[in-house]
Amino acid sequence: MDTITRNKTIKLIGITEKEIRADISDLMDNEDLDIEIKPFDSKTYIILTADADTEDEAKDIIRPVSKEIKKRLGNYIYSTKEKKSLEMSVVSLLEKNELTISTAESCTGGLLAGRIINVPGVSDVYKEGFITYTNKAKRKTLGVNKATLKKYGAVSAQTAREMALGAALEADSDVSISVTGIAGPDGGTAQKPVGLVYIGVCVKNNVHVEEFRFTGDRANVREQTVISALGLLRKCILEYFS
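Residues numbered from 1 in each chain as written. Predicted model: local features only at pLDDT ≥ 70, side-chain atom pairs only at ≥ 80, totals over all residues. Heavy atoms only, no water.

Undergrad: Can you help me understand the side chain of Ser-89 in this one?
TA: By secondary structure assignment, the location of Ser-89 is in helix 3 (residues 86–96). Ser-89 gets classed as buried once you look at its relative accessible area, which sits at 7%. Ignoring any residue separated from it by four or fewer positions in sequence, one finds Ser-89 in contact with Tyr-78, Lys-84 and Arg-234. (Helix = DSSP H or I, 4+ residues; strand = E, 2+ residues; numbered from the N terminus. Buried < 20%, exposed > 50% of the residue type's maximum accessible area, 1.4 Å probe, protein only. Contact = heavy atoms within 4.5 Å.)

Written as structure tokens, this is what we have:
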């Protein structure tokens, strides 16, 4: 009888490969199950693979380990379905909590909004997007304070915070997310190097801002920013409603 091979992929965001290994190291000693931890575009996949005589036997090997991983890693897991993307999980979370969202982008120039809008049915939650590339646009469209820009600069936690608040106010949305950073290849300094990005999330007027430092070329920095923004958005919504 030919051996049946079955696998299951658990998709995570906001946790490193090293942290995952530390949390599930004992589970990786299972001789009947191969567990691969694979970093992928600022996300991490855990791939469980089992060989058995029948499909049911293979599933029986995978099921308890998958269940234990879900128990341990909880909210870091955004999907266990092959075709469900991070942006799909975010939109589902918005729909579940009956939340509307707006976006305010600088260095990503609409990539974040585009990723969210790619999800079918998003019109039920997505209200408006703002691309405020210049300081003038940030002031005029989002109400970012001129003094904030002068003191801290466009790429700062303070500006990201005011962008998020401004987007939520302007669009009258429950949730908003802002992105400001230096994608390169030019524009970096010793204090603010290329790859420095601030992402702000506003949920019901509560704002959380995080600093990120990405590597790679301009396209890579922008892509990592979009993924990290979606991950932070998801994290903030879960924390607010937990």
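After presenting the structure, the write-up continues.
Undergrad: Any chance you could explain the domain arrangement of the protein here in plain terms?
TA: A common way to report how large an interface is uses the accessible area buried once the components associate. Taken domain by domain, the protein holds domain 1 (4–79) and domain 2 (86–241). On a C-alpha basis, the centres of domain 1 and domain 2 stand 31 Å from each other. Facing the eight residues of domain 1 at the interface are eight residues of domain 2. At the boundary of domain 1 with domain 2, total buried surface from both sides reaches about 660 Å², with 62% on carbon and sulfur atoms. Three residues, Ile-13, Ser-42 and Tyr-78, lead the burial of domain 1 against domain 2; their summed loss comes to 62% of the area buried on that side. Inspection of the domain 1/domain 2 interface yields zero salt bridges. Class assignment for the residues of the side of domain 1 that touches domain 2 results in four nonpolar, two polar and two charged. (Domains from an automatic or database assignment. Buried area = accessible area lost by both parts, 1.4 Å probe. Salt bridge = Lys/Arg side-chain N within 4 Å of Asp/Glu carboxyl O. Nonpolar A, V, L, I, M, F, W, Y, C, P; charged D, E, K, R; others polar.)

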